[in-house]
Amino acid sequence: MEPADEMKEMLQLLSNNGYRITEQRQKLLAILMEEQGFLSPKDVYARMLVDFPGVSFDTVYRNLRILHQLGMVEPFNFMENGVKFKICFSKNQHHHHLVCLACDKIVPFDYCPLDRPIHFPEKMKVMYHRFEVYGLCEYCQ
């Protein structure tokens, strides 16, 4: 999917869910789409300040949470570095991550350990799950 088409679909999804299409939301999506890796809320906030000097950090963080709830971005908790976000709208399939402990590089993989039957405690409904494997990438070994 072309970036312009992806942007149009994400804006439509926001609108369909009752969110206004503001210049700030469009810029936030553009920032995330331009980035190949994960960005911290502070990184996004710093980039937003260039075009919107009055934007608050709370506004940026609240919009990242909205985008996550709508399935447009995925959060990832880097142990010492906190949560970071990455656009995932066009890759909306289930996946997990290999994480380099040295450089924070993240590589997605499709294998899911929950594809095999697992017996969970009764009356527990699994809504979602995460699976991460930590190690050293080929460049950091």
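Use the structure listed above.
Thresholds, definitions, all that
- Residues numbered from 1 in each chain as written.
- Predicted model: local features only at pLDDT ≥ 70, side-chain atom pairs only at ≥ 80, totals over all residues.
- Heavy atoms only, no water.
- Salt bridge = Lys/Arg side-chain N within 4 Å of Asp/Glu carboxyl O.
- Helix = DSSP H or I, 4+ residues; strand = E, 2+ residues; numbered from the N terminus.
- Buried < 20%, exposed > 50% of the residue type's maximum accessible area, 1.4 Å probe, protein only.
- Axes fitted to C-alpha atoms, helices over the stretch in contact; angles between N-to-C directions.
- Parallel < 35°, antiparallel > 145°, perpendicular 65-115°, else oblique.
- Left-handed = near helix turned anticlockwise from the far one by under 90°.
- Contact = heavy atoms within 4.5 Å.
- Nonpolar A, V, L, I, M, F, W, Y, C, P; charged D, E, K, R; others polar.

Participant: Can you walk me through the pattern of salt bridges in this structure?
Facilitator: If you walk through the whole model with that rule in mind, you get 2 salt bridges. With a shortest N-O distance of 3.0 Å, Asp 51 and Lys 27 are connected by a salt bridge. Here Asp 51 is found in helix α3 (residues 41-51), whereas its partner Lys 27 is found in helix α2 (residues 23-34), with 24 residues between them in sequence. Among the residues examined, Lys 27 registers a relative accessible area of 24% and is labelled partly exposed. Two residues, Arg 47 and Glu 35, come together in a salt bridge whose shortest N-O distance is 3.3 Å. Separated by 12 residues along the polypeptide, Arg 47 in helix α3 and Glu 35 in the loop between α2 and α3 bring together distant segments of the chain. By relative accessible area, which is 34% here, Arg 47 ends up partly exposed.

Participant: Can you walk me through the packing of α2 against helix α4 (residues 57-69) in this structure?
Facilitator: For any two helices packed against each other, the geometry comes down to the angle between their axes and how far apart the axes lie. Contact pair α2 / α4: the axes reach a minimum separation of 11 Å and the direction vectors enclose 70 degrees. Between α2 and α4, the angle falls in the class roughly perpendicular. Here α2 and α4 pass one another in a crossing that is right-handed. Across the interface between the two elements, Gln 24, Arg 25, Leu 28, Leu 29 and Leu 32 from α2 touch Thr 59, Val 60, Asn 63, Leu 64, Ile 66 and Leu 67 from α4. Partitioned by chemical class, the residues of the contact of α2 with α4 number 7 nonpolar, 3 polar and 1 charged.

Participant: Sorry, what's going on with the environment of Glu 80 here?
Facilitator: Position of Glu 80 among the secondary structure elements: in the loop between β1 (73-78) and β2 (82-87). When its relative accessible area of 73% is taken as the criterion, Glu 80 is described as exposed. Placed 50 residues apart in sequence, Glu 80 and Arg 130 show a C-alpha to C-alpha distance of 18 Å.

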